[in-house]
Amino acid sequence: MGYGNSSSGHLDVTFAALADPTRRAILARLASGEASVMELAEPFAMSQPAISKHLKVLERAGLISRSRDAQRRPRRIEGGPLGEATQWLEGYRQFWEGSFERLDDLLDEMKTKQAKQLKEDRTKKHERNKK
Amino acid sequence: MKNTGTLKVTTPTDREIMMTREFNAPRTLVYEAFNKPELLKRWFGPHCWSLTVCDVDARVGGGFRFVMRGPDGRDMGMRGVYKELNPPERSVHMESYDDYPGESQVTSVMTEQNGMTTLTVTVLYPSKEIRDTVAQSGMEHGAAESYDKLAELLSSSSPASAGETRLAG
């Protein structure tokens, strides 16, 4: 069940690619504009081949692509798969958000009741002490 | 008045989904709302779904049985067994849905600061495939839910009153 589903298979690759902090940092960098391998390697204490390996994973997941500029071959971010991954979680979030909004109201009610009870108890105690 | 906290959903590992949400109430109350059937019935389940069966035996080794009924009359059942109960801080239970394969482990942690409770729920699925299937179905419900809300919004000339939620402070 659920295996081999094309959309789910796609998500597998996307999430596997996103599971690594270096790759997420690369994506964050590319979110602000395209960059060459050398520029991408700069902020990391990593060799260019190591960075290239990460880029290949991101590329295979369709998260980034190469521009046509033959000399620099800058990488750029691709919105599609990333959007699908966020949407997948967004659904899960929405599933629960409805419940939690009702819970907010219920908690307000419980708090009011509790405060009222506390006040009543205090008044009773106070009156008892007066007698 | 709505004091809606933001629900954050992340995937810390391949087999997990983690949710974080803040509530404007002390954790004793949040814990109570999560464990008492008469309270659960008032909030648990997606929009327009009602909790028609809600049995809770809140002991380690005890369990729960929920059946939610959707607007189209469809039932969605789930059951669980408590592994660890530490009110009002933490609980761990195993949970399975009638319609999905596998059993997942649900760890809920509640921390309190200045009268606010942060709830963190981590669901560990038996496999990545099952996690993805469940979340995918959540997406369908989620989408349906937002359409419902939109329809409600478009047709609401008399919004349902929020009941007696007068805030003391």
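Please read these numbers as outputs of a predicted model, since none were measured by experiment. (Residues numbered from 1 in each chain as written. Chains lettered and ligands numbered in written order. Predicted model: local features only at pLDDT ≥ 70, side-chain atom pairs only at ≥ 80, totals over all residues.)

Caption draft 1: Region of the structure containing the overall build of chain A. Counting its regular elements, chain A contains 5 helices and 2 strands. In chain A, buried positions account for 27% of the 131 residues. The contacts in chain A between residues at least 6 apart in sequence include a share of 53% that link residues at least 24 apart. (Helix = DSSP H or I, 4+ residues; strand = E, 2+ residues; numbered from the N terminus. Buried ≥ 20, exposed ≤ 12 C-beta atoms within 10 Å, placed from the backbone. Contact = placed C-beta atoms within 7 Å.)

Caption draft 2: How the structure looks around the nonpolar core. Ranked by size, the top nonpolar core spans 22 residues in total, and within it L103(A), L107(A), F23(B), V30(B) and A33(B) carry the most contacts. Of all elements in the fold, only helix 5 (79-130) of chain A together with strand 2 (16-23), helix 1 (27-35) and helix 3 (128-155) of chain B reach the threshold of two or more residues within this core. With 7 residues, the top contributor of residues to this core is helix 5 of chain A. (Core = buried A, V, L, I, M, F, W, Y, C linked by C-beta atoms within 7 Å.)

Caption draft 3: Quick peek at the pairing of strand 8 (residues 116-124) of chain B. Residue and element names in this part refer to chain B. Inspection of the sheet shows strand 2 paired to strand 8 by 8 bridges, in the antiparallel sense. Within strand 8, the position partnered with M19 by the bridge is V121. Sheet topology note: the strand 7 (residues 104-113)/strand 8 ladder contains 9 bridges and is antiparallel. The residue of strand 8 that forms the bridge with V106 is V123. Counted between consecutive antiparallel strands, the loop separating strand 7 from strand 8 contains 2 residues, among which N114 sits at a positive phi close to 50 degrees. (Pairing = 2+ DSSP bridges.)

Caption draft 4: Looking closely at the pairing of strand 2 of chain B. Residue and element names in this part refer to chain B. The side-chain alternation of strand 2 yields one buried face, formed by I17, M19, R21 and F23, and one unburied face, formed by E16, M18, T20 and E22. In terms of strand pairing, strand 1 (residues 8-10) meets strand 2 through 3 bridges, oriented antiparallel. Along strand 2, the bridge assignment pairs T10 with M18. Counting the residues in the hairpin turn of strand 1 and strand 2 gives 5 residues.

Caption draft 5: Structural view of the confidence of the model for chain B. All names here are of chain B. Averaged over all residues, the pLDDT of chain B is 79; the fraction at 70 or higher stands at 77%. Confidence, expressed as mean pLDDT per element, reaches its minimum in chain B at helix 3 with 57 and its maximum at strand 7 with 96. In the predicted structure, residues 146-169 sits below a pLDDT of 50 and forms 16 contacts with residues beyond four places in sequence or in another chain. Of the two predicted TM-score estimates for the complex, the pTM is 0.61 and the ipTM is 0.71. (pLDDT = per-residue confidence, 0-100.)

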